[in-house]
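Letter by letter, the chains look like this.
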Amino acid sequence: MVALQADTSSSLQSQHKKSCMKVTDFLRPEMVIANLGASSKSQVLREMSEHVAANQPGVEGPRLRKILEDRELLASTAIGDGIAIPHGKLESVPNLMGVLGRSTAGLEFDSIDGKPTHLVFMLVAPLNSAGVHLKALARLSRLFRDALFRQRLIEAPDAAAIYDVICEEDAKY
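This one's a predicted model, so the numbers in the text were calculated from it and none came from an experiment. Starting afresh in each chain, residues are numbered from 1 along the sequence in its written order. Totals for whole chains, interfaces and linings use every residue, but because this is a predicted model, local features are given only for residues with pLDDT of at least 70 and side-chain atom pairs only at 80 or more, for both listing and counting. Side-chain measures were taken over the full set of non-hydrogen atoms in the model, leaving aside hydrogen atoms and water.

*Asks:* Would you explain the nonpolar core in this entry?
*Replies:* Nonpolar side chains in soluble globular proteins tend to end up buried together. Counting 50 residues, the largest nonpolar core has Phe26, Leu27, Val44, Phe121 and Phe144 as the members making the most contacts within it. Secondary structure is summarised from DSSP: a helix means a run of H or I of at least four residues, a strand means a run of E of at least two, and numbering begins at the N terminus for each. It is strand 6 (residues 117-125) that provides the largest number of residues to this core, a total of seven residues. The criterion used for residue contact is that any of the two residues' heavy atoms lie within 4.5 Å. Residue contacts for Phe26: discarding those within four places in its chain leaves Met21, Leu96, Met97, Gly98, Phe121, Leu123, Ala136 and Leu140. We define a nonpolar core as any set of buried Ala, Val, Leu, Ile, Met, Phe, Trp, Tyr and Cys residues linked to one another through side-chain atoms lying within 4.5 Å. When accessible area is computed with a 1.4 Å probe and restricted to protein chains, residues below 20% of their type maximum are described as buried, those above 50% as exposed, and intermediate ones as partly exposed.

*Asks:* Any chance you could explain helix 6 (residues 159-170) here in plain terms?
*Replies:* Each α-helix winds once per 3.6 residues, and so residues spaced three or four apart point in a common direction. Residue count minus one, scaled by 1.5 Å, sets the expected span of a helix. Taking 1.5 Å per residue, twelve residues should reach 16 Å; helix 6 reaches 17 Å between its end C-alpha atoms and fits that length. Taken as a whole, helix 6 has its buried residues at Ala161, Ile162, Tyr163, Val165, Ile166, Glu169 and Asp170. Elements that come into contact with the buried residues of helix 6 comprise strand 1 (32-33), strand 5 (97-107), helix 4 (130-144) and helix 5 (147-155). Here helix 6 starts with a cap whose side-chain oxygen sits 3.3 Å from the backbone nitrogen of Ala160, and that cap is Asp158. Within 3.5 Å is the distance limit for a polar contact, defined as a pair of N or O atoms, with the added protein rule that one can donate a hydrogen and the other accept it, and that residues adjacent in sequence qualify only through two side-chain atoms.

Following this line, the structure appears as structure tokens:
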């Protein structure tokens, strides 16, 4: 009976690893911005929207920015601890995609803790993607709770190193 329980536990862990969404499922290396030039919420939403438009055919930067700004009017997506996760849905996006921007100086994003935001992870999803969109938000929220992970992202020397930190963290799941 004990052996059966161990096998079941191992099987459940294996199933969890297979079903766990990884950040690299929706973040490509070229979608990491190591040095955001923006210093405010509106500027960073514009900068990141333009980055998406430059890297994703069919996406219009101003349209994406408007969707994100409208979402921010409901409540700030800056969740504290230097993190913001602006998100929205856009008809021209074929799959869930992310953009990670870093501001080492920090920027004003109306954070719930009143502190500067250093890491902005923008999520853009297709219109019909409620489940995957929510799953990605949950994954990012869990990941960013880890202070050491946040610090490693902030201290990484460039975009490639930031992406490597994310890959290392994904490999744990």
